[in-house]
Amino acid sequence: MKILVIGSGGREHALAWKLAQSPRVFKVFVAPGNAGTAAGDGISNIPHTSTSALIDFVKAEGVGLTVVGPEAPLADGVVDAFTAAGLRIFGPTQRGAQLESSKDFAKNFMVRHGIPTAAYATFSDALSAHDYIEAQGAPIVIKADGLAAGKGVVVALTSAEAHAAVDMMLVDNRMGAAGARVVIEECLEGEEASFIVLADGRHALPLASSQDHKRLLDADRGPNTGGMGAYSPAPVVTPAVHARVMREVIDPAIAGMRADGIPYTGFLYAGLMIGRSGELKVLEFNCRMGDPETEPILMRLKSDLVTLIEHALDQTLDSVDAEWDPRVALSVVLAAEGYPENPRKGDRIEGLPDAGDDYHVFHAGTALDAEQVVVTGGRVLCVTALGHNVRTAQKRAYEIVERIRFDGMQYRHDIGHRALNARAKRASPVGPPPAAR
Ligand code: AMP
Ligand code: GLY
């Protein structure tokens, strides 16, 4: 079978790498891809990005399955267009993708279906938003309603910051249409985790848990980013929390979308805030896998991803299980100078290692410039390694990181710190981590 992956980031490199391992697949195309997918084993790039050009390509080439990486094409309706053309594609419809493309839609949906989430109100008028902030006080969270590539959320510690965020979005229109409405919500405390499932409209198959590091700098300081590193599994997702997430969040979300007449097929990502006694609230839904969470998750997936996706398309996800490598996978993102505000492009990347058994360097913002790999985007590479515990996975990932060089390269030195703290707190003996959750 031939497969098409839509997208160009680290998530798409990991998806293509994993799909290409299926014995049933002999070719994976990535549109438009990056330097890592340009010349992988059985993987190559195609330059098309418009939906109509992709549909023509899939028909001409006899591609049997298309997998969508990022949210933008989903929100634009790529699944609706492929389906109308009679082509097999994995992802939610445009209406389903509203769970991510409109925070107001997602919040309404959660309230309607009893899914726990932070208290909120939605505004398109700045004066009422300012009044609400005065009434609620700080800390408080201001979110652009629409897609903002991870830049639409301000966790305001003071009301002055909250007022400024409202003015930035509603008065100065700095986020464009995405910020024409804002959701203002209660600031939650706890530990975040990413919980991603495959959904087939009726059933959900959970993938291994993971945890992202959203802030740019060590010790969770600096601006929010798309994610500077991740690992799987997330110790905070204990078996009890896992069961609770399925019962309180995932099952009602799948049933709720179905009841609302928008059966949801695709990856569904719940960003969770988990409190001390395991109580949980949904921070956001995404209609795709996370980046960088995908990289450690797929590094641990032993099952054939093509088979799992086919079960999702055939609505038989209740008849399969995913098998996981019990080791920990940990990913460190190497970002360009100036990321996230103003990443510099064009720097040459040196020292990229050959593939290894216990690590993989996934590409994100890279391209080939006459055989030379160069930086083209904010998050450049995602170095992912396996280890028998967080410490060894972390050590291995940073050994690989140290071989790689490009001007302005920035990365966090503490990916995995929460998991290490959790381990220290439990004072558990060093050894293999608990089986995948
Ligand atoms: P979102 O895109 O909605 O996940 O928000 C991005 C980041 O902002 C999250 O990963 C959290 O770190 C933070 N955040 C979002 N909503 C809240 C909230 N209600 N309380 C505290 N932090 C939040
Ligand atoms: N890493 C967070 C996300 O993909 O939304």
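## Some thoughts on the overall build of the protein
Piece 1. A tally of regular secondary structure across the protein gives 14 helices and 22 strands.
Piece 2. Over its C-alpha atoms the protein spans a radius of gyration of 21 Å, differing by no more than 12% from the 22 Å that the globule rule assigns to 437 residues.
Piece 3. The dimensions of the protein, computed from C-alpha atoms along their principal axes, are 60 × 50 × 45 Å.
Piece 4. Within the protein, buried positions represent 57% of all 437 residues.
Piece 5. The contacts of the protein with a sequence gap of at least 6 include a subset with a gap of at least 24, amounting to 68%.
Piece 6. The averaged location of the 53 negative side-chain charges in the protein is 4 Å from the averaged location of its 43 positive side-chain charges.

## Thoughts on the sheet that holds strand β22 (residues 379–387)
Piece 1. Taken together, the five strands give an open sheet; going across it, the order is β12-β15-β18-β22-β19, and neighbouring strands pair in antiparallel fashion. Either end of the sheet is taken by a strand with one partner, and the two such strands are β12 (211–212) and β19 (359–363).
Piece 2. Bridging between strand β18 (residues 328–335) and β22 involves eight bridges; their strand directions are antiparallel. The residue bridging Val328 from the neighbouring strand is Gly387, located in β22.

## A few points about the site of ligand 1
Piece 1. Residues in close proximity to ligand 1 total 15 residues, the closest being Glu185, Leu188, Glu192, Lys214 and Glu284.
Piece 2. Contacts to ligand 1 include Lys143, whose side-chain N or O atom sits 2.9 Å from an oxygen atom.
Piece 3. In this structure, Leu188 approaches ligand 1 through a main-chain N or O atom, which is 2.8 Å from a nitrogen atom.
Piece 4. For ligand 1, whose accessible area on its own is 470 Å², the fraction buried by protein is 90%.
Piece 5. Secondary-structure elements contributing two or more residues to the shell around ligand 1 are β7 (140–144), β8 (153–156), β9 (182–186) and β17 (280–286).
Piece 6. Grouping the amino acids of the shell around ligand 1 by side-chain chemistry returns seven nonpolar, one polar and seven charged.

## Quick look at the site of ligand 2
Piece 1. Within the structure, ligand 2 sits among Asp212, Lys214, Gly226, Tyr269, Asn286, Arg288, Gly290, Asp291, Pro292 and Glu293.
Piece 2. Note that an oxygen atom of ligand 2 is positioned 3.3 Å from one of the side-chain N or O atoms of Asn286.
Piece 3. A distance of 2.8 Å separates a nitrogen atom of ligand 2 from a polar side-chain atom of Glu293.
Piece 4. Isolated, ligand 2 exposes 200 Å² of accessible area, and the fraction of that covered by the protein chains is 92%.
Piece 5. Here the residues of the shell around ligand 2 are counted per class, giving two nonpolar, three polar and five charged.

About the criteria used
What you see as residue numbers is a count from 1 along each chain, following the sequence as written. All chains are assigned letters beginning with A, and all ligands numbers beginning with 1, in the order in which they are written. Restriction of local features to residues with pLDDT of at least 70 applies here, the model being predicted, together with a cutoff of 80 or more for giving and counting side-chain atom pairs; totals for whole chains, interfaces and linings are based on all residues. Note that water and hydrogens are dropped before the side-chain values are worked out from all heavy atoms of the structure. Helix and strand labels come from DSSP, where a helix needs a run of H or I of at least four residues and a strand needs a run of E of at least two; each type is numbered from the N terminus. Values of the radius of gyration come from C-alpha atoms, whereas the globule rule sets the reference at 2.2 Å times the count of residues to the power 0.38. Exposure categories follow from relative accessible area, calculated using a 1.4 Å probe and restricted to protein chains: below 20% of the type maximum is buried, above 50% is exposed, and the middle band is partly exposed. Whether two residues are in contact is decided by their heavy atoms, any of which lying within 4.5 Å being enough. Positive residues here are Lys and Arg, negative ones are Asp and Glu, while His and the chain termini are left out of the count. A charged residue contributes its charge at one atom only: NZ of Lys, CZ of Arg, CG of Asp or CD of Glu. In short, DSSP must find at least two bridges between two strands for them to pair. For each residue, the test is whether any non-hydrogen atom lies within 4 Å of the molecule or strand; if one does, the residue is near. The term polar contact refers here to a pair of N or O atoms within 3.5 Å; inside protein, the definition further demands a hydrogen-donor-capable atom paired with an acceptor-capable atom, and it admits residues adjacent in sequence only when both atoms are side-chain atoms. Methods summary: accessible areas were calculated by the Shrake-Rupley approach with a probe of 1.4 Å, and residue burial reflects only the protein chains presented. Amino acid classes used here: Ala, Val, Leu, Ile, Met, Phe, Trp, Tyr, Cys and Pro are nonpolar; Asp, Glu, Lys and Arg are charged; the rest, including Gly, are polar.

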